[in-house]
Amino acid sequence: MFILMVVIFVLGYTMIALEHPLKIDKAASALLIGVLTWAVYALNSVDILGLGHNMEWNHITHGVELGTQNLHEVASHFVKHELGHHLIEISEILFFLLGAMTIVEVVDHHQGFKLITDKITTTSKVKLLWILGILTFFMSAALDNLTTTIVMVTLLKKLIDDKGTRWFFASIIVIAANAGGAWSPIGDVTTIMLWIGGQITAGNIIAMVFVPSLMSMIVPLIILTFSMKGVVSRPQLSDNDSKDFTSKGEQKLLLFVGVGALLFVPVFKTVTHLPPYLGMLLGLGSIWVLTEIMHRNKPVEDKRHLSVVSILKKVDVPTVMFFLGILTAVSSLQSAGQLGLLAQWLDDITNKNIYLIDTVIGVLSSIVDNVPLVAGSMGMYAIDHAGAFAQDGVFWELLAYTAGTGGSILIIGSAAGVAAMGMEKIDFIWYMKKISLLAMVGYFAGIGAYWAQEHIVGAEEEAEGGTINIVEEKAEGAIDDSKEVFLESEMFIGIKHIVEGEATNEETTAPVEEAIIEEVVSEEVIVNDSVEVEETATETTVTE
């Protein structure tokens, strides 16, 4: 059954990769594998946990001999506890994405991005290439790579008439959007995951990944500067292409407020130490109130188009469902232990070379979706106290870069690429012939830039020599600021010792024994089959 979980994941992932030929939405496949992997895990929890690949299970059962019935009960409760723990982390990511996607949709519906795109008037191919590339790069960091690609490819239809030229520019937009999203904590789903998961901090990812990301875009642009010639032909647009539902003042207001709300999220997290999704929801709530006040006296048709309630119906919910399914599936493999074995295998074949591991992950992200790859990496490698795997360590910074930009090597390797492919009907083989080599050169140039930067700045690639001893003790009395404190809630197995008494059980009217609870560490407990297991909020207790 341990292997069956992997088989289900691989088959489901194959369906996701073949979404278009199979004509089955990837969200449906992701939800199926998310539920099925956890179902197999739950139904076979004793056998799977008994393999010893879950460290927490090994810790709480160390020295404990459980009878068959109790073993099944405790294992079942443990799996539910693990699911709840992962659901909290997944929910934070999903609420963040929902808030961000809604804010961007609100700005788009109020034509806020039109203020930017209307400023582009040049017809020179080289100039237009640089303008669109740089604009996409920074817009992607402030918004996200998918939304920026949709906005910029829509703009191309107003700027370029020739289909072949438009394909070329759309492909460069994909490269620039993925590069821009890699250095921002809110620019790509993978960086959002790493930021919320605590692997990176907002300031550090900007400082350390900006230059490599810029190189991954600049290098292809420099190459094209010497090979691309001529001017673009503008399409003939009618004056009635779209109705303006908002004034110039309203467009400016929503653009600045929307982008400001997105940029405020890292500040909110730093000041309050609350999860980023709350900052995003604060921004959404503020914009919601603002738009309700702005449009309360407008015609019903305009209010229907501009209200947040109607815009919410147009948010890409299937994408959110995809993330929910794939992250749930990956969490089951993390809990059962398959990801830990994969991490060990990667360490063995690469001799724990951080750059090689991250480079391979980046190349793989051009073939398969980068979300499960990053989620898997987060599950495979724990955050250390020092060294390459510490918060803001080399591994996590380089992972943010490679997973974000490696998807540009193939058109299907990123959400931005898939969006451009769908909007412009870009041919897969055409992209491989014309763009893949450019994207790959930029990808490796960025890795080289990070390597040089890391050695200049002096970031840790490996843990420093010596041993770090961490001694934890129960806090008592006054504690000064020289000591680091933490709040811990630990799962353990306990026993209820029963003595004769006249107490009445709340669930039955028959006389029962009075229960006196004594907490016992797991190493000292032996529980027999004749004992019934019950679960409390923080511990597993046993009643005779």
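Rules behind the numbers
- Residues numbered from 1 in each chain as written.
- Predicted model: local features only at pLDDT ≥ 70, side-chain atom pairs only at ≥ 80, totals over all residues.
- Heavy atoms only, no water.
- Helix = DSSP H or I, 4+ residues; strand = E, 2+ residues; numbered from the N terminus.
- Buried < 20%, exposed > 50% of the residue type's maximum accessible area, 1.4 Å probe, protein only.
- Contact = heavy atoms within 4.5 Å.
- Areas by Shrake-Rupley, 256 points an atom, 1.4 Å probe, with all protein chains shown as cover.
- Axes fitted to C-alpha atoms, helices over the stretch in contact; angles between N-to-C directions.
- Parallel < 35°, antiparallel > 145°, perpendicular 65-115°, else oblique.
- Nonpolar A, V, L, I, M, F, W, Y, C, P; charged D, E, K, R; others polar.
- Left-handed = near helix turned anticlockwise from the far one by under 90°.
- Expected span 1.5 Å × (residues − 1).
- Core = buried A, V, L, I, M, F, W, Y, C linked by side-chain atoms within 4.5 Å.
- Patch = residues over 30% accessible without salt bridge, like charges linked within 9 Å, V, L, I, M, F, W, Y side chains within 5 Å.
- Salt bridge = Lys/Arg side-chain N within 4 Å of Asp/Glu carboxyl O.
- Phe/Tyr/Trp six-rings, centres within 6.5 Å; stacked < 30°, edge-to-face > 60°.
- Lys NZ or Arg CZ within 6 Å of the ring centre and 35° of its normal.
- pLDDT = per-residue confidence, 0-100.
- Polar contact = N/O pair within 3.5 Å; in protein donor to acceptor, adjacent residues only side chain to side chain.

As for the overall build of the chain
1) Next: Each helix and strand in the chain was counted, giving 24 helices and 6 strands.
2) Next: For the chain, buried positions account for 50% of its 544 residues.
3) Next: Taking contacts inside the chain between residues at least 6 apart in sequence as the whole, the part at least 24 apart equals 77%.
4) Next: Of the roughly 26900 Å² of accessible surface on the chain, a fraction of 61% belongs to carbon and sulfur atoms.

Topic: the packing of helix α1 (residues 2-17) against helix α3 (residues 26-43)
1) Next: One can describe the packing of α1 onto α3 by two numbers: an axis separation of 9 Å at closest approach and a directional angle of 175°. As the angle between them shows, α1 and α3 are arranged roughly antiparallel. Facing α1, whose interface residues are L4, M5, I8, F9, G12, M15 and I16, α3 presents K26, S29, A30, I33, L36, T37, V40 and Y41.
2) Next: Taken together, the residues of the contact of α1 with α3 sort by class into 11 nonpolar, 3 polar and 1 charged.

Looking at the environment of T154
1) Next: Locating T154 in the fold gives a position in helix α9 (residues 145-159).
2) Next: Among the residues examined, T154 registers a relative accessible area of 37% and is labelled partly exposed.
3) Next: The spatial distance from the C-alpha of T154 to the C-alpha of T117 is 9.9 Å, given a sequence separation of 37 residues.

Considerations on the packing of helix α8 (residues 125-142) against helix α12 (residues 202-227)
Angle between the axes and distance between the axes: these two values describe a pair of packed helices.
1) Next: Viewed as axis vectors pointing N to C, α8 and α12 meet at an angle of 165°, and their least axial separation amounts to 10 Å. Taken as axis vectors, α8 and α12 run roughly antiparallel relative to one another. At the point where α8 passes α12, the crossing takes the right-handed sense. Between α8, through V126, L129, W130, G133, I134, F137 and F138, and α12, the contact on the second element is made entirely by F210, S213, L214, M217, I218, L221, I222, L224 and T225.
2) Next: Taken together, the residues of the contact of α8 with α12 break down into 13 nonpolar, 3 polar and no charged.

A word on helix α21 (residues 394-405)
1) Next: Between its terminal C-alpha atoms α21 stretches 17 Å, which fits the 16 Å expected from 12 residues at 1.5 Å a residue.
2) Next: Within the sequence span of α21, burial applies to V394, F395, W396, E397, L398, L399, A400, Y401, T402, A403, G404 and T405.

Some points on the side chain of T359
1) Next: By the element assignment, T359 lies in helix α19 (residues 354-364).
2) Next: Excluding residues within four positions of it along the chain, T359 makes contact with T402, Y443, F444 and I447.

Considering the nonpolar core
1) Next: Membership of the largest hydrophobic core comes to 138 residues, with the highest contact counts inside it found for Y41, L132, F169, M193, I326, Y381 and W396.
2) Next: Broken down by element, the residue count for this core peaks at 15 residues, all from helix α6 (residues 68-109).
3) Next: In contact with M193, other than residues within four places in its own chain, are I93, Q199, L327, V371, V374, A375 and M378.

Section: the environment of I160
1) Next: Examined against the element boundaries, I160 turns out to sit in the loop between α9 and α10 (163-182).
2) Next: Each C-alpha atom, one on I160 and one on Q236, is 9.9 Å from the other, the two residues being 76 residues apart in sequence.
3) Next: Setting aside chain neighbours within four positions, we find I160 in contact with L128, T165, R166, F169, V232, S233 and P235.

Here's the deal with a nonpolar patch on the surface
1) Next: On the surface, a nonpolar cluster with roughly 480 Å² of combined accessible area is contributed by M1, I3, L4, V7 and L11.
2) Next: Position of V7 among the secondary structure elements: in helix α1.

Section: the packing of aromatic side chains
Two aromatic rings, taken as a pair, are described by how far apart their centres are and by the angle between their planes.
1) Next: According to the stated counting rule, one finds 19 aromatic pairs in the structure shown.
2) Next: Between Y401 and Y443, the aromatic rings sit 6.1 Å apart at their centres with planes inclined by 10°, giving stacked as the arrangement. Of this pair, Y401 sits in helix α21 while Y443 sits in helix α24 (residues 436-457), and the two are 42 residues apart along the sequence.
3) Next: For Y401, a relative accessible area of 1% puts it in the buried group.
4) Next: Within the aromatic cluster, the residues linked to one another by ring pairs are F137, F138, W183 and F210.
5) Next: A cation over a ring is seen here: K26 above F322, with NZ or CZ 4.6 Å from the ring centre.

Side note on the pattern of salt bridges
1) Next: For the coordinates displayed, the defined rule picks out 2 salt bridges.
2) Next: The residue E424 makes a salt bridge to R166 at a minimum N-O spacing of 3.0 Å. Remark: R166 occurs in helix α10 and E424 occurs in helix α22 (residues 415-424); sequence separation between them is 258 residues.
3) Next: Classification of E424 by relative accessible area gives buried; the value is 5%.
4) Next: The class of R166 is buried, set by a relative accessible area of 15%.
5) Next: Notably, a salt bridge pairs E250 with K298, separated by 2.9 Å at the nearest N-O pair. Of this pair, E250 sits in helix α13 (residues 248-272) while K298 sits in the loop between α14 (276-294) and α15 (300-306); the two residues are 48 residues apart in sequence, bridging distant segments of the chain.
6) Next: On the basis of relative accessibility, which here comes to 16%, the residue E250 falls in the buried class.

Focus: unusual backbone geometry
Among all residues except glycine, the phi angle is most often negative; among peptide bonds, the trans geometry is most common.
1) Next: Even without being glycine, Q111 reaches a positive phi, approximately 60°.
2) Next: Following the sequence through the fold, Q111 ends up in the loop between α6 and α7 (114-117).
3) Next: Residue class for Q111 comes out buried when judged on its relative accessible area of 13%.
4) Next: Residue D392 is not a glycine yet carries a positive backbone phi of 65°.
5) Next: Accessibility expressed as a relative area gives 19% for D392, which makes it buried.

Quick word on the environment of T165
1) Next: With respect to the helices and strands, the residue T165 is situated in helix α10.
2) Next: For T165, a relative accessible area of 14% gives the class buried.
3) Next: Along the primary structure T165 and V232 are separated by 67 residues, whereas in three dimensions their C-alpha atoms are 7.8 Å apart.

Some points on the confidence of the model for the chain
Do not read the predicted coordinates in detail wherever pLDDT is low.
1) Next: Residues at a pLDDT of 70 or more form 82% of the chain, whose mean pLDDT is 78.
2) Next: Under a pLDDT of 50 for its full length, residues 460-470 has, in the predicted model, 17 contacts with residues more than four places off or in other chains.
3) Next: Low pLDDT (under 50) marks residues 502-544, which in the prediction has 93 contacts with non-local residues, meaning those over four places away or in another chain.

Overview of the side chain of T61
1) Next: With respect to the helices, strands and loops of the structure, T61 is situated in the loop between α5 (55-60) and β1 (65-66).
2) Next: Among the polar contacts listed, one links the side chain of T61 to the backbone oxygen of W57, at a separation of 2.6 Å.

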